[in-house]
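# Tertiary structure, described
Next come the chains, spelled out residue by residue.
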Amino acid sequence: MNNENEMNEAMPEEITLAEILAVCDHTLLRVDCTSDEMKTLCDQAIKYHCASVCIPPCHVAGAKRYVGDRLKNLVVMPNPLSFPALSKETFLQHDDERKNILVCGSLDRHINKGFDDMIANFHQIAYKYPDCDLDILGGGSEESIEHLKGIIKEHNMEERIHLLGYSKRVDEEMLRHKYFVLCSKTEGLPMALMEAMAMGCACISFNCISGPDEIINDGEDGILVKDQDFNELNKKLGWLIENDDRRNEMARRAIQNIQRFSLQNIGDRWECLIKEV
């Protein structure tokens, strides 16, 4: 389009729900959506022959039961990794350079991401392990930044908790960190957790709704903790800090196991699905 007028002329005055659902994916439902909302979404998708419906992982089993035999092809398809997982050689090359704990996400979603509570509870780690700081990666409004700075100051953690700001190279930031923590209250399928595993971080996550237990094999390639139990989170994190051989082993297995979400593997699954239909 050469200008705005041409764009406006090319667009229909009104797009109906049927037209939208006939050609594109449906909007992702909230993780906390109700069973009735999930059922409505499925009914609309079937009615309008939608090719793909995005449903939070925690509702997939219920959606399958509800849809039953009304759909010939019903497949759960995760998102692929944003970047390739580390090679064994690259992991070994950078492992001695790693330090600190990383959490990441939009600072404007600090409550849902659990940043407020993570900051408030970090003293348990900070005092026991003086060489291990907490880094928070992500951008946000000035209001959100000042809010988190206030909590950091309130707990006298200015020298131990750092707001790194926004970065276009999340992979490079993860490569510099030994540990990654997912402290969210809710998730969909947490890409940051998948990416941290791909970059060789030892990962600990609350077993929140939804997604972490579909990514982490507990005790093998990461650690799952009872949702919002920060005492248990810090206990497990301390165990990793004190047992570096286990941390290293867990990180290497994470790199290997997360390959199931690689762009190649997910692309192959899409190709097989398209051929079937």
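Scroll up to find the structure.
Residues numbered from 1 in each chain as written. Predicted model: local features only at pLDDT ≥ 70, side-chain atom pairs only at ≥ 80, totals over all residues. Heavy atoms only, no water.

So, on to the pattern of salt bridges. Inspection of every chain in the model, using the stated rule, returns 17 salt bridges. Here Asp 95 makes a salt bridge to Arg 98, at a shortest N to O gap of 3.7 Å. Summarising the burial analysis for this pair, Asp 95 and Arg 98 share the class buried. The residue Glu 249 makes a salt bridge to Arg 253 at a minimum N-O spacing of 3.0 Å. With Glu 249 and Arg 253 both in helix 14 (residues 244–257) and four residues apart, this pair spans about one turn of that helix. Each of Asp 95, Arg 98, Lys 178, Asp 244 and Arg 247 takes part in a single network of salt bridges with overlapping partners. (Salt bridge = Lys/Arg side-chain N within 4 Å of Asp/Glu carboxyl O. Buried < 20%, exposed > 50% of the residue type's maximum accessible area, 1.4 Å probe, protein only. Helix = DSSP H or I, 4+ residues; strand = E, 2+ residues; numbered from the N terminus.)

A word on the sheet that holds strand 5 (residues 202–206). Across a sheet, paired strands are connected by hydrogen bonds in the backbone, their directions being either parallel or antiparallel. As summarised here, the arrangement of the six strands in space is 3-2-1-4-5-6, forming an open sheet in which the pairing is parallel. The open sheet is flanked by strand 3 (161–165) and strand 6 (223–225), the only strands paired with a single partner. Sheet twist, expressed as the mean angle between neighbouring strand axes with direction ignored, is 25°. Across two bridges, the pairing between strand 1 (residues 101–104) and strand 4 (residues 179–182) is parallel. From the neighbouring strand, Leu 102 faces strand 4, where its bridge partner is Phe 180. (Pairing = 2+ DSSP bridges. Axes fitted to C-alpha atoms, helices over the stretch in contact; angles between N-to-C directions.)

Another aspect to go through is the pairing of strand 3. In this sheet, strand 3 lies alongside strand 2 (residues 134–137) in parallel orientation, the contact comprising four bridges. Counted as the bridge partner of Leu 137 is Gly 165 from strand 3. Following the chain from strand 2 across helix 9 (residues 142–154) to the adjacent parallel strand 3, one finds a crossover that is right-handed. (Right-handed = clockwise from strand over helix to strand, strands pointing away.)

Axis angle and axis distance: for two packed helices, these are the angle between their axes and the distance between the axes, and together they describe the pair. Following both chains from N to C, one finds helix 3 (residues 35–47) and helix 4 (residues 60–67) inclined at 50°, their axes separated by 10 Å at the closest point. Between helix 3 and helix 4, the interaxial angle falls into the category oblique. The interaxial crossing formed by helix 3 with helix 4 has right-handed handedness. Here Met 38, Lys 39, Cys 42, Asp 43 and Ile 46 of helix 3 lie close against helix 4, whose contacting residues are Gly 62, Ala 63, Tyr 66 and Val 67. Its residues assigned to classes, the contact of helix 3 with helix 4 shows six nonpolar, one polar and two charged. (Parallel < 35°, antiparallel > 145°, perpendicular 65-115°, else oblique. Left-handed = near helix turned anticlockwise from the far one by under 90°. Contact = heavy atoms within 4.5 Å. Nonpolar A, V, L, I, M, F, W, Y, C, P; charged D, E, K, R; others polar.)

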